[in-house]
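Residue-level listing of the chains:
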Amino acid sequence: MKSQTKNTPITGDEIRKEFLNFYHEKLHEIIPSASLIPDDPTVMLTIAGMLPFKPVFLGLKERPSKRATSSQKCIRTNDIENVGVTARHHTFFEMLGNFSFGDYFKKEAIEWAWELVTDIYGLSAENIIVSVFHEDDDSVKIWKEDIGIHPQRIIKLGEKDNFWSSGKTGPCGPCSELYYDFKPEKGLQNIDLEDGDRFIEFYNLVFMQYNRDPDGQLTDLKYKNIDTGMGLERMAQILQKKNNNYETDLIFPIIQKASEISKIDYYSSDERTKISLKIIGDHIRAVIHLISDGVVASNLGRGYILRRLIRRMVRHGRLLGLKNEFLSKLASVGIKLMQENYPDLKNNCEHILSEIKIEEIRFRETLDRGEKLLDELISSGQKMITGFKAFELYDTYGFPLELTEEIAQENNIGVDVKGFDKEMSAQKERAKAASQIIDLTLEGSLEREIDLFDKTFFNGYDSLDSDAEIKGIFLESTLVNKASEGQKVLIVLDQTSFYGESGGQVGDIGTIFSNDLEVLVDNVIRKKNVFLHYGIVKKGILSLGQKVKTKVNDLARAKAAANHTATHLLQSALKVVVNESVGQKGSLVAFNKLRFDFNSSQPITKDQIFKVETLVNSWILENHSLDIKNMAKSEALERGAVAMFGEKYDDEVRVVDVPSVSMELCGGTHVKTTSELGCFKIISEEGISAGVRRIEALSGQSAFEYFSDKNSLVSQLSDLLKANPNQLLDRVNSLQSELINKNKEIQKMKDEIAYFKYSSLSSSANKIGLFSLIISQLDGLDGNSLQSAALDLTSKLGDKSVVILGGIPDKENRKLLFVVSFGEDLVKRGMHAGKLINDISRICSGGGGGKPNFAQAGAKDIDKLNDALEYARKDLRTKLLSYSDK
């Protein structure tokens, strides 16, 4: 095998191949990557290269061989907020590992690791720092005497950093980590491995040699094991000499494609744009592997992780200006990049792209609705989104809490998470209570008592009135003989004109009465062919065997009948306009609206919706008479009647035929002629699950009320805007233009106020040796203004300047903001604005971070503002004086 020189570029595929081949030559069996769905029930996803071998290390499973090596795909989302922000955080990553199950131990593991990174990958010893557990003298000796590494390159660390354990008890042991030093010219004095700009940990060698008992005592394992992990993405960054993992050939082609689609040049983009591109580049790799391994988007478990990743990509795509679908194009790039090493990606390509497209379409619709409400909340000027509103976004619009928090944070607004949790708990209690009511009513004693009754004869197709006899009375699921005024009852009759809820159509409402009795019926359901009438006794005594009359509310029945017929017409129109394969997946026929669920992998376009509406309304105007009759199921199907997939039918069925338009098996109530519908209007169309769409629509009286409300709204807007209806659009466009101009003027005034507040500070800068220092409180400026002020002042004062500003942007909100800006000279001397701002903000119960030259932070305790600024003043004075003396 040829060695690589340190200047030789090496691809991600080559790094992986060289690693596996190296250890294969040292008698390691190459083990294919396990699925991201682990066998371990305690872990949701495969989060580490050693996870597939965990049962072996715990002694629960036979070892596959004495030595093994693998390139394991992994996913972690515990620190997803850092993805794209730091140079090395990912959700999806590949872990290269070599494992020994009771075979070789520390000496071989260390020697081979060194041979691999220096001879195969060509890294210089001058660029490698090693960390060891401070009590692990064996490892220190091997590194010094066998490898010959300089003692100053061996850093001893404590248990937190260099001792691995599988849990509170069980196998554990010290570890030794290899770090790459990007800046060896800084020397070996005062090495800080936490300095992410200088060091990157790329190879971890775990020496599993102890067993920890419940008392914390360590005893030697009979068989000592080796578990290592090298981050493929990190090694690619090192060998390809990139600034971060994202710009390596493992990820950057995806980012390039995203840049091309969004017409953005990655390298000249601002940091925020780059972060969005990096997040998309990272997440697409995770998504294609999750789907390929069988994860389906949902609101639970792994499915929720998949859905969250897709939704984050769509969200950041929007920030890049991508208003149309784009994820499947990027997924294709990701699949081509990785299919050679992961052939399942190629085999499952069509499925992966289809699932991504469906989920993207669904969430874009959710975003449209949720973002409107969120924009209203943000533009209202409030500084905190209440728990109630955050829950409304989640419960009504499908907006994840994390996304609400992310968008709110971008606009310097908080979210009441505790309030959200409270609303969530309340909903769970409501659901629990509701399920208990259902259980008591239908699944408790009532469920058993239903079998005592004969089938209820329904005579309500031809008449809304009927004679009947009381056959059963239930109070709170208990069968009784009588019920009196004010009591809620459930009544069983021998026959009824009330339609019982079934086939998607709601139950009728109306009255059960006699000369001295009145029961208001608010719902009717069918249970085992027995009609159960829910109501309240308004007058008199209700008794078993009593003779009564039933009277259905004719207006409510007419509305339900119109909506049910409209549902049949809608399905036929969808078959004509969209696709003949459209089939019903569910429905709701209510008094005030209809809802129709159907199969379709694509959203229905506005043009298609218009055509469907037009076709249904044309059938209404044609005044078709409905032909409804009973016939054998086989005959009905032979004639072309449509049956709902999965529905069970008797041998004799009821067929509702709108000649030349629609023919369906249906037990619901309908109009006599289509003209009774009056008109038809679709009010919404959306995806509700994979491959299933939902249309909500109105007909008859409900449609008339809808148009009347719209007309009233137009009239009110016309009066308010002093324009006739035909001029409303122009008037609104004009107002929007005025608002944009006003906002620009307001922003200009804000900038001028900000400049006025900070411009005089440059003349009052303190001179400390060679350096200029400004530390000041500036209230009334938001984050952007405070940032601009610090950068402007630093620019004026030059390379040897420090500017620290802290202030309260809004006294009512009682929040602090800090910014730290360093001139270039201080950055070259090793000063880091991000580290300083963390120290400052912690004094005020806050936190933040940033780059060496600029950082910003937020904090809560405004009473400690002066303390924080004074701390910064003392700290910097000492450091700046020391620099001036040199």
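Residues numbered from 1 in each chain as written. Predicted model: local features only at pLDDT ≥ 70, side-chain atom pairs only at ≥ 80, totals over all residues. Heavy atoms only, no water.

Here the focus is the pairing of strand β4 (residues 128–133). Taken residue by residue, a regular strand's side chains alternate between the two faces of the sheet. Counting buried positions over the six residues of β4 gives six, a clear majority of the element. Side chains of β4 alternate between two faces, with Ile128, Val130 and Val132 and Ile129, Ser131 and Phe133 buried alike. Here β4 runs beside strand β7 (residues 170–181); their pairing, made up of four bridges, is antiparallel. Paired with Ile128 across the two strands is Tyr180, which belongs to β7. Tracing the backbone out of β4, into helix α4 (residues 137–147) and back to the parallel element strand β5 (residues 154–157) gives a crossover that is right-handed. (Buried < 20%, exposed > 50% of the residue type's maximum accessible area, 1.4 Å probe, protein only. Helix = DSSP H or I, 4+ residues; strand = E, 2+ residues; numbered from the N terminus. Pairing = 2+ DSSP bridges. Right-handed = clockwise from strand over helix to strand, strands pointing away.)

Taking 1.5 Å of rise per residue, 19 residues should cover 27 Å, and helix α9 (residues 301–319) covers 27 Å from first to last C-alpha, within 8% of that figure. Note on α9: the residue one or two positions beyond its end, Gly321, has a positive phi of about 90°. (Expected span 1.5 Å × (residues − 1).)

As summarised here, the arrangement of the four strands in space is β23-β24-β29-β28, forming an open sheet in which the pairing is antiparallel. The open sheet is flanked by β23 (584–589) and β28 (680–689), the only strands paired with a single partner. The sheet shows a mean angle of 15° between the axes of neighbouring strands, taken without regard to direction. The sheet contact formed by strand β24 (residues 594–599) and strand β29 (residues 692–699) spans six bridges and is antiparallel. When the bridges of β29 are listed, Arg595 appears paired with Glu696. Where helix α12 (residues 349–379) meets the sheet, its contacts fall on β28 and β29, and the angle it forms with β28 comes to roughly 120°. (Axes fitted to C-alpha atoms, helices over the stretch in contact; angles between N-to-C directions. Contact = heavy atoms within 4.5 Å.)

One pass over the structure, following the stated rule, counts 20 aromatic pairs. Judged by centre distance (5.1 Å) and plane angle (75°), the rings of Tyr180 and Phe182 are edge-to-face. Residue Tyr180 is classed as buried on the basis of its relative accessible area of 11%. Here Phe182 falls in the partly exposed class, since its relative accessible area comes to 27%. Centroid distance Tyr706 to Phe707: 5.6 Å. Interplanar angle 75°. Geometry classified as edge-to-face. Classification of Phe707 by relative accessible area gives partly exposed; the value is 38%. An aromatic cluster of three or more residues is present, and its members are Phe19, Phe22, Tyr23 and Tyr203. (Phe/Tyr/Trp six-rings, centres within 6.5 Å; stacked < 30°, edge-to-face > 60°.)

Now for the sheet that holds strand β30 (residues 766–768). The strand order across the open sheet built from six strands is β30-β31-β32-β33-β35-β34, with neighbouring strands paired in mixed fashion. Whereas interior strands pair on both sides, the edge strands pair on one side only; in this sheet they are β30 and β34 (847–850). The sheet shows a mean angle of 15° between the axes of neighbouring strands, direction not considered. Taken together, the six bridges between strand β33 (residues 816–822) and strand β35 (residues 854–859) define a ladder with antiparallel strand orientation. Residue pairing across strands places Ser821 opposite Phe854, the latter belonging to β35. Each of β32 (801–807), β33, β34 and β35 is contacted by helix α24 (residues 833–843), which is oriented at about 150° to β33, the strand it contacts most.

Another point: the confidence of the model for the chain. Residues at a pLDDT of 70 or more form 94% of the chain, whose mean pLDDT is 87. By mean pLDDT, helix α15 (residues 417–443) is the weakest element of the chain at 56, and strand β22 (residues 547–552) is the strongest at 97. (pLDDT = per-residue confidence, 0-100.)

What follows concerns the pattern of salt bridges. Under the defined criterion, the tally for this structure stands at 36 salt bridges. Glu469 is the partner of Lys547 in a salt bridge, and the nearest nitrogen-oxygen pair spans 2.9 Å. Of this pair, Lys547 sits in strand β22 while Glu469 sits in strand β13 (residues 465–475), and the two are 78 residues apart along the sequence. Between Glu870 and Arg873 there is a salt bridge whose closest N-O contact spans 2.9 Å. Of this pair, Glu870 and Arg873 are both found in helix α25 (residues 865–885), three residues apart, which corresponds to roughly one turn of the helix. The class of Glu870 is partly exposed, set by a relative accessible area of 32%. The structure contains a network of salt bridges with shared partners spanning Asp13, Arg16 and Glu94. (Salt bridge = Lys/Arg side-chain N within 4 Å of Asp/Glu carboxyl O.)

Next up on the list: helix α21 (residues 728–758). Counted at 1.5 Å a residue, the expected span for α21 with its 31 residues is 45 Å, and the 45 Å between its end C-alpha atoms agrees. Buried-residue contacts for α21 involve α20 (700–721) and α22 (783–797).

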